[in-house]
Amino acid sequence: NSVAKYGILGVTNHTSFIDLLIQGTTVAGIRTGYGWCNYRERIEVSYTSGDGIQLMDTNNNETELNSCKVFANDGIGIRVNGYYALKVVNCLMEFNKKTGFYSAIGGRGLHIDTCYFESNSEDGITFAQPLPYTGGTSDVNIQADIILNGSASDTQTARAYLNHGVTVSHSYPAAPYDPVL
C-alpha cells in the first residue's frame, strides 16, 4: 500500500505548521499529542479516509488552529483527546462524515471562534452506551457539528472527563438541508 497513514505524526512542542496541504491519508492528516505551545495556521486537511486533525494524548496545552480548512474527510474533522487552552479560530469544518469537532476526553479552556460548520455528520458517531436522558438500552447515533464527550472510550458516553470553560462564539453552523417547518 503506497498511501500514507499520516501526513504528520509525532509529539510536538513549540512548533508551527503553516501553509500546508495534506490529502489522501488513511488514518489522519495530522496526528500530534502531548505537546504545548503549538501553532497551526492555513492548513488544509482534506479527502482522507480517516480523520482530518487529531490532537491525541491528554496534554495538548496552549495549542491554536487558525484559518485551517478541514474538509471532506471520512472520519472526524478535528478530534481532541484532552486539552488545556485550545483555540480553534477562523476554521472551516465541512463535509466530515462523523462530525466537525469531537472532544473525547475533556479538558479546560476550549475556545471555538469565527468558525464555519457545514454538512458534517452524514454518518454521525454511534455510541453503545445510551445517554442518560434517552432511557433506552440500544445504541444511539449522534449527528452534530460539535460533540463534547466525557469518556475515554470511543463507543460510550460518560461524564468522567468533563469539558470545562468551553466557548463557541461568532461561529456559523449551516444546515445541510432546509429544515421542514
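Check the entry above for the structure.
Residues numbered from 1 in each chain as written. Predicted model: local features only at pLDDT ≥ 70, side-chain atom pairs only at ≥ 80, totals over all residues. Heavy atoms only, no water.

How should I be thinking about the overall build of the chain in this particular structure?
Counting its secondary structure elements, the chain contains zero helices and 16 strands. A compact globule built from 181 residues should have a C-alpha radius of gyration of about 16 Å, and the chain, at 16 Å, falls within 12% of that. In terms of principal-axis extent, the alpha carbons of the chain reach across some 45 × 40 × 35 Å. Residues counted as buried form 46% of the 181 residues belonging to the chain. A separation of at least 24 residues holds for 55% of the contacts in the chain among residues at least 6 apart in sequence. Total accessible area on the chain stands at roughly 8,900 Å², and carbon and sulfur atoms take up 53% of it. For the chain, the separation between the mean place of its 11 positive charges and that of its 17 negative charges on side chains is 8 Å. (Helix = DSSP H or I, 4+ residues; strand = E, 2+ residues; numbered from the N terminus. Rg over C-alpha atoms; globule rule 2.2 N^0.38 Å. Buried < 20%, exposed > 50% of the residue type's maximum accessible area, 1.4 Å probe, protein only. Contact = heavy atoms within 4.5 Å. Areas by Shrake-Rupley, 256 points an atom, 1.4 Å probe, with all protein chains shown as cover. Lys, Arg positive; Asp, Glu negative; His and termini not counted. Charge placed at Lys NZ, Arg CZ, Asp CG, Glu CD.)

What am I meant to see in unusual backbone geometry here?
With the exception of glycine, most residues fall at negative phi, and the peptide bonds are largely trans. In the Ramachandran plot, Ser67 falls in the positive-phi region, its phi being about 55° despite a non-glycine side chain. Of note, Ser67 is situated in the loop between β4 (51-66) and β5 (69-71). Phi is positive for Ser121, close to 75°, though the residue is something other than glycine. Inspection of the secondary structure assignment puts Ser121 in the loop between β11 (116-118) and β12 (125-127). Residue Ser121 is classed as buried on the basis of its relative accessible area of 5%.

When you look at the environment of Ile125 in this model, what are you seeing that I'm missing?
With respect to the helices, strands and loops of the structure, Ile125 is situated in strand β12. With relative accessibility at 7%, the residue Ile125 sits in the buried group. The spatial distance from the C-alpha of Ile125 to the C-alpha of Asn66 is 26 Å, given a sequence separation of 59 residues. In contact with Ile125, not counting residues within four places along its chain, are Ile76, Lys98, Thr99, Tyr102, Val140, Asn141, Ile142, Ile147 and Asp154.

Just to check I follow, could you spell out the pairing of strand β10 (residues 108-113) for this structure?
In summary, the side chains of a regular strand alternate between the two faces of the sheet. Note that strand β7 (residues 84-89) and β10 share five bridges and pair parallel. Residue pairing across strands places Tyr84 opposite Arg108, the latter belonging to β10. Two elements, β10 and strand β15 (residues 164-169), share five bridges in a ladder whose sense is parallel. Paired with His111 across the bridge in β15 is Thr167. (Pairing = 2+ DSSP bridges.)

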